[in-house]
Amino acid sequence: MKKIILLFILGAIVTSCNVNSLGKDSVDVKYEVLPLNQVTMPTAFAVDSVTEIPVKYVRPTSCHYFEDFYYKKDGQTRTVAIYSSHFFQDNCQADGVTLVNEVLKFKPAAIGTYHFKFWTGTNSQNIDQYLEFDAVVTH
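Notes on the structure in this doc start here. Quantities reported herein were computed from a predicted structural model and do not represent experimental measurements.

Counted according to the given criterion, the structure contains 1 disulfide. Across the disulfide from C63 sits C92; the S-S distance is 1.9 Å. Disulfide C63-C92: torsion about the S-S bond near -110°, hence left-handed. With C63 in the loop between β4 (51–58) and β5 (64–74) and C92 in the loop between β6 (77–88) and β7 (99–106), the pair connects residues that are 29 residues apart, well separated along the chain. When its relative accessible area of 2% is taken as the criterion, C63 is described as buried.

Here it is in structure tokens:
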């Protein structure tokens, strides 16, 4: 996960938009992977049926916006985090406390147990931490 995040951040830095040359009202944007804080995991799942998984994350500044979910499939394991765009503007306010609600839509294709790993950041040794859940699809 660390390597993927580092590659994503490096790619975002290299390809981040700098459109200031287009006009004085333009802003720089950088894409970031943000950790999740809370997950409400449903208990019932069905094949070919969409189940909503509510999640919450902390918005670092007023200029961070939800883009999409980082969603990696590896067999029956799903690793999830938040993709955020960070617009660099003069009026950005530090936040760090506002919990933002999003909904991950999961549609299992087969009966079985899916293992979810929701990335919550890294610890003091820089090791990835996760909230982990099993989603048992019985029908």
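Structure's up, so let's keep going.
Here we take up unusual backbone geometry. For D48, which is not glycine, the phi dihedral falls at a positive 60°. Exposure remark for D48: the relative accessible area of 56% places this residue in the exposed category. One non-glycine residue, N126, lies in positive phi territory at about 65°. Turning to its location among the elements, N126 is positioned in the loop between β8 (112–122) and β9 (128–137). The exposure class of N126 is partly exposed, given its relative accessible area of 44%.

Each value, and the rule that gives it
- Residues numbered from 1 in each chain as written.
- Predicted model: local features only at pLDDT ≥ 70, side-chain atom pairs only at ≥ 80, totals over all residues.
- Heavy atoms only, no water.
- Disulfide = S-S within 2.5 Å.
- Helix = DSSP H or I, 4+ residues; strand = E, 2+ residues; numbered from the N terminus.
- Buried < 20%, exposed > 50% of the residue type's maximum accessible area, 1.4 Å probe, protein only.

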